[in-house]
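# Close look at the chain arrangement
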Amino acid sequence: MAAVSSRYARAMADVVVANQLDPGKTTLDLEQMSETMKSSADLRNIWESPSVPQVQKFKLLDAVGAQAGVSKQVRNFLAVLIEQRRIGLLDEITALVKTELNERMGFAEAVVTSARELGSDERSALEAQVAKATGKTIRAKYARDPKVLGGAVVKVGSTIYDGSVRGKLQKIKQQMME
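Residues numbered from 1 in each chain as written. Predicted model: local features only at pLDDT ≥ 70, side-chain atom pairs only at ≥ 80, totals over all residues. Heavy atoms only, no water.

### A closer look at the sheet that holds strand β1 (residues 107-114)
Backbone-to-backbone hydrogen bonds pair the strands of a sheet. The strands run either parallel or antiparallel. With mixed pairing, the four strands of this open sheet are ordered in space as β2-β1-β3-β4. Here the strands that pair on one side only, and so sit at the sheet edges, are β2 (137-144) and β4 (159-162). On average, adjacent strands in this sheet sit at an angle of 20 degrees to one another, irrespective of strand direction. As judged from the four bridges shared by strand β3 (residues 152-156) and β4, these two strands associate in the antiparallel manner. (Pairing = 2+ DSSP bridges. Helix = DSSP H or I, 4+ residues; strand = E, 2+ residues; numbered from the N terminus. Axes fitted to C-alpha atoms, helices over the stretch in contact; angles between N-to-C directions.)

The following block contains the structure:
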């Protein structure tokens, strides 16, 4: 199903770029609709059920979409997913749309884990270093973990940059064992 989800994600990213939509708002709309669908078993059952007429599914989509304030393009995209019986993949597709848009716009999502709360100047310096290493503009989310001991661990995609005290101690231990 990853290939199917990827195809839909690329198509939605094409719509965002072609119509010059706000990528942040579009991904937020998709995430919101995905959460709404996850939280309501009835909604999910109606949209996924082949016994419910498409007209009723679309009326429900219009009502839920209007209440959530989603854009016309997101509403139409969701209608395509419902029509093609792919609405069950919405969560996966949403994550792939976000990744695709970030890639096209030169952004990278990073998760920074440190032992303590980082100040704004430390965050800026760290983001600048990671941006230099990746060649992309960094959108960072910050987390705290006392196991890090000091420094920071930065995860960008599947790459981990370990500048933590714990990581350095593990490297020293490894070298001593060799």
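### Quick look at the layout of surface pockets
The space that makes up the largest pocket amounts to roughly 380 Å³. If you trace the largest pocket, you find 17 residues lining it, with Thr99, Asn102, Ala108, Glu109 and Gly157 closest to the centre. Residues that form the lining of the largest pocket fall into these classes: six nonpolar, five polar and six charged. The computed volume of the second largest pocket comes to approximately 200 Å³. Elements with a minimum of two residues in the lining of the second largest pocket: α7 (120-134) and β3. Broken down by element, the residue count for the lining of the second largest pocket peaks at five residues, all from α7. Here the residues of the lining of the second largest pocket sort into seven nonpolar, three polar and one charged. (1 Å grid on protein atoms, 1.4 Å probe; cavity = no way out; pocket = protein on both sides within 12 Å on 5 of 7 lines; lining within 4 Å. Points joined across faces, edges and corners; volume = space filled by probe spheres on them. Nonpolar A, V, L, I, M, F, W, Y, C, P; charged D, E, K, R; others polar.)

### What about unusual backbone geometry?
With a phi angle near 50 degrees, Gln20 is a residue other than glycine that sits in the positive phi range. Note that Gln20 resides in the loop between α1 (2-18) and α2 (23-39). With a relative accessible area of 73%, Gln20 lands in the exposed category. Look at Arg85: it is not a glycine, yet its phi comes out positive at around 60 degrees. Relative to the elements of secondary structure, Arg85 occurs in the loop between α5 (72-83) and α6 (90-105). Accessibility expressed as a relative area gives 55% for Arg85, which makes it exposed. (Buried < 20%, exposed > 50% of the residue type's maximum accessible area, 1.4 Å probe, protein only.)

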